Amino acid sequence: MTRRILVTSALPYANGPIHIGHLVEYIQTDIWVRFQKLRGNRCIYVCADDTHGTAIMIRARKEGRSEEALIAAMSESHQRDFDGFGIQFDNYGSTHSDENRTICAKIWQSLRDKDLIAERPVEQLYDPEAETFLADRFVRGTCPKCGRTDQPGDNCVCGHTYSPTDLIDPKSTLSGATPILRESTHLFVELEKLHGFLADWIDTSDALQSETANYLKGHFLANELRDWDISRPGPYFGFEIPDSPGNFWYVWFDAPIGYIASTQQWCDSNGEKLEDWWNSDSCEIHHFIGKDITYFHTLFWPGMLESAGFRLPTKVRIHGFLTVAGEKMSKSTGTLVSAETYLKYSNPSYLRYFYATKLTPRVEDLDLGIDEFTEKVNSDLVGKVVNLASRVGKFASTTGLSKQYPDDGGLFAAAAKAGDEIAAAYEACDFSRAMRRIMELADAANPFVEHAKPWEMKKDAERQGELQDVCTVALNLFRQLAIYIAPVLPDLAKQCGDLLGSPITSWDQSKTPLVGIPVAKFQRMMDRVQSKDLKKMIDESKELAAADAAQDNASPTNDAAFNDSDQPLKDEPIADEISIDEFAKVDLRVARVVSAEHVPEANKLLKLTLSLGGDERRQVFAGIKAAYDPEKLVGRLVVMAANLKPRKMRFGLSEGMVTAAGPGGEEVFILGVDEGAQPGQRVH
RNA sequence: GGGGGUGUAGCUCAGUCGGUUAGAGCAGGGGACUCAUAAUCCCUUUGUCGCGGGUUCGAGUCCUGCCACCCCUACCA
C-alpha cells in the first residue's frame, strides 16, 4: 500500500552558513526521503529558512542592510549548499512568508480560544542606545561570585549561574552601553493546561525514541510545566501579534509553523490541499531534528498542533551532534568546515556515504575521523562497489548483456532477497546497518569476477559468449548495489542508469536482472579520496575562521566586548628594558610534542618529548599537569626555549622550557603557532 | 548530585530468544592475479567479550556490585 508521508528537517537559522554539522541532519533526512520515494511511497520533503529574531535584526543592522536583504541572501546561500550535497526538497520556504503569517495567526487564535494565553509584565535588561531588549547572550559583565570580568549574561566560567541582572557592571555587546532594567508585557502559553495531553502523547504515541520519552517524563512532566514566554517587545524582526500591538511572536513560535507554511506553498503549486497533509490520519508526518531542540518539538509543538486542530507528528526522529576526531567542532582547529569549503575540496557523495555508515536510530553523537572517512570511502565505495562496474565495464560495452540471465551460483537471488532486510533498516533510520548489509553483498560479488577470469575469455574468440555472461552477472550485481544505495548516492544510481540505459526509479528493480541490452561506453564513476585534499579543506577552514575573527575584532561595535581586566599586568608588571641583542640570546623554536606523559612522583609536571624536526628530540619537564591532558598535547606545535641550559631534576634532565602564559595551576595556556610553521623554525 | 547510554580483535563495529569452537570489514603477515582507480582475489595472526560476584546443565547475552568513557541535566526529576 502506498503511504503518504510528509517529512521535515529543522529549519536552518538565517544567521550563518551551512556547515558539515548541519549536514548530518539534512543528509539523514534526504536519504530517508529518497528511500521512501524509491519504494513508491508518496513522500514530500519540506523545509525553510528560519529568519526571525534578535540575532537577525542585529546582524542586519551591523551590515547596514535590511533584514529582508540579509535573509534573502542567506536563503540563497543555504539552498545552494543543500543543492551541492544533493539534498532535494519538494519545497523550500521561509518563515518570513505570507503563508507563515497567516497560519501563525490561525494557531494563535486557537490558543486564545482555548484560553491558553496569559499576560504579565517581565523585567528585562534594555539597551538604551541600540533601543532593544537584550537576550542573555547580548550582555556581558563581571561575575558576582568570582569577580571575573567579561562573562556572559547567564553563567561564568567559574561554574556559577545567575541572571543577567545580577552581573556587576553589565555592558551590552551591541553598543557597549550599560543596560537598564525595563518592564514590558509578555504573553505566555500556559503549557501546564496541556500536561495531561502531552504526558499521554509521549507515553502512547510511539512518536519518540525511548530515551527521549524517558528524558521528557523525568525532566519536565514530573513537574508542573512552566509557562512559555512566547512574545518579544519591539523592535524585533518577526511578525507582530495581531491582537497585541507592539509585541511580536518569539522566533520559536513561528519557526515550526514554518513546516506547515512550507507545505502550504507546495500544495499551492501542486494543486494539493493542506488538510490532506496536516489534518489527515492517513498521512504520516516525520520531523527530523537535532537533540538540542528536542524540547521545542516534543512539548510546545505538539501542544500547539493539538490546540489548533492539526494532526500530531508520527515520529520525531532525533539525532546527535557531529564531532570531528572525537572533539567538538571548532573554528580554530579548522574542523568546523562549511558546506561551501567542503565542496571545494571533496565530493558530497563521500560525506553522504560516511554519515550513512554512522547513523543509527539512537540519539547519539557521531564522530568523523579523517582516517576513518578516507578508509571507508576508499575501501567500500571505490574498492568494492564502483570497482565491480569498473572492472567489467569496458568489456561490457562491446558485448552488451546476455539474452538470458546466466547461472551465477545464486548471487543475484540472494542479493534480491537481502533487499527486504536492507529496506527495513532504512525505514528504521538504521542506515549504519543498511550500509553494512550492502557492503556484504559487494564483498560477495567481487570474487565472482575474480574466479571467472573475464580477461582470459577476452583473448579467446570462442569464449565471447562466456565473457558476455560474466559481464551480465557483474553488472547486474552492481546494479543491485546501486539501487540499494541509491538513497545515499543518487549520483551513482544515475551513472548506473546511464551505463545500462535503464534509469533506477524503483526499489523493486533489484529483483529482476536486466538482460539483452547494450551497455554504454564505460565512464569512470568515482575517484578515491585524497588525504591531501582533506588537509587543504581543514587548512582553509582555519584560515577563514581566523579572517572572520580578525574582522570581528576590527569592528568598532565589538570593542566593548573586549573590556579585558588590568589585573594580569598589575600582578606581574613589565620587566626592565632589554636590547635586541639580549632578546636574540633567547633561542625560541617551534617544536612538536611527540610524546607526553605523567610523571608519577611529581605533582605538577608532565614529561614531554619535543621534536625540532628530523631526529632532534628534547626531553622537557613542564609544570602544566593540572591544565593539560597529556594525550591531547601529542602532535601539537609549541614554542620552546631551546638554548636554555639543561637542568637536572629529580625525574631526569630537562632540556628546555615550553612557553606558556597564566598564573599557574589549571590556568596555564601554552603558546601555539599557526598552522604552517615547521618544527625547528626559530621564532624571531 | 541525578538521568540515559556505551564498554567485544590494533581500529570501526555485528552478535537474534541464554545454546556448539565469539564474528565481519579495515589494518598487519604470506601468496596469487593483471579486467579494474597501488584497485581485486586466496590464505592467515590477534580476544581476560571493562572488572568482580550471582542465577543456570550452559552467560558476550539475564541479575547484581564496581570501574572507565560519552551524552543530557543540574541546589527544579
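Every chain is numbered on its own, with residues counted from 1 as its sequence reads. Ligands are numbered from 1 and chains lettered from A, in the order in which they are written. Totals for whole chains, interfaces and linings use every residue, but because this is a predicted model, local features are given only for residues with pLDDT of at least 70 and side-chain atom pairs only at 80 or more, for both listing and counting. Side-chain numbers come from the whole structure's heavy atoms, not from hydrogens or water.

As recorded in an unreviewed UniProt entry, chain A goes by Methionine--tRNA ligase and comes from Novipirellula herctigrandis. UniProt positions are given in the numbering used here, feature names are shortened, and annotations may be inferred rather than shown by experiment. Within the UniProt record for chain A, the comment given under Function (unreviewed entry) is "Is required not only for elongation of protein synthesis but also for the initiation of all mRNA translation through initiator tRNA(fMet) aminoacylation." Within the UniProt record for chain A, the comment given under Catalytic activity (unreviewed entry) is "tRNA(Met) + L-methionine + ATP = L-methionyl-tRNA(Met) + AMP + diphosphate".

1. Re the sheet that holds strand β16 (residues 327-328)
A pair of strands is treated as paired once DSSP finds two or more bridges between them. A run of DSSP states H or I qualifies as a helix once it reaches four residues; a run of E qualifies as a strand once it reaches two. Both are numbered from the N-terminal end. Here we have three strands laid out as an open sheet, ordered β16-β15-β17, and mixed in their pairing. With one partner strand each, in any of the chains shown, β16 and β17 (366-368) form the two edges of the open sheet. Inspection of the sheet shows strand β15 (residues 322-324) paired to β17 by three bridges, in the parallel sense. Paired with Val-324 across the strands is Leu-368, a residue of β17. Running over the sheet, helix α1 (residues 20-38) touches β15 and β17 and is turned about 135° from β15. The criterion used for residue contact is that any of the two residues' heavy atoms lie within 4.5 Å. Axis definition: a line fitted to C-alpha atoms, limited for helices to the stretch in contact. Angles are taken between N-to-C directions and run from 0 to 180 degrees.

2. A closer look at the pattern of salt bridges
Whenever a carboxyl oxygen of Asp or Glu lies within 4 Å of a side-chain nitrogen of Lys or Arg, that contact is scored as a salt bridge. If you walk through the whole model with that rule in mind, you get 34 salt bridges. Between Asp-30 and Arg-34 there is a salt bridge; the shortest N-O distance is 2.7 Å. Here Arg-34 and Asp-30 lie together in helix α1, a separation of four residues that amounts to about one turn. This pair shows no difference in class: Asp-30 is buried, exactly as Arg-34 is. Burial status follows relative accessibility: with a 1.4 Å probe on protein chains alone, a residue under 20% of its type maximum counts as buried, one over 50% as exposed, and anything between as partly exposed.

3. Structural notes on the packing of helix α14 (residues 431-452) against helix α16 (residues 464-484)
Packing of α14 against α16 brings their axes to within 10 Å, and their N-to-C directions diverge by 170°. By the angle between their axes, α14 is roughly antiparallel relative to α16. Contacts between α14 and α16 involve Ile-438, Leu-441, Ala-442, Ala-445, Phe-448, Val-449 and Ala-452 from the first element and Val-470, Val-473, Ala-474, Leu-477, Leu-481 and Tyr-484 from the second. Residue polarity follows a fixed list, in which Ala, Val, Leu, Ile, Met, Phe, Trp, Tyr, Cys and Pro are nonpolar, Asp, Glu, Lys and Arg are charged, and the others, Gly among them, are polar. Among the residues making up the contact of α14 with α16, the classes are represented as 13 nonpolar, no polar and no charged. For classification purposes, angles smaller than 35 degrees are called roughly parallel, those larger than 145 roughly antiparallel, those between 65 and 115 roughly perpendicular, and all remaining angles oblique.

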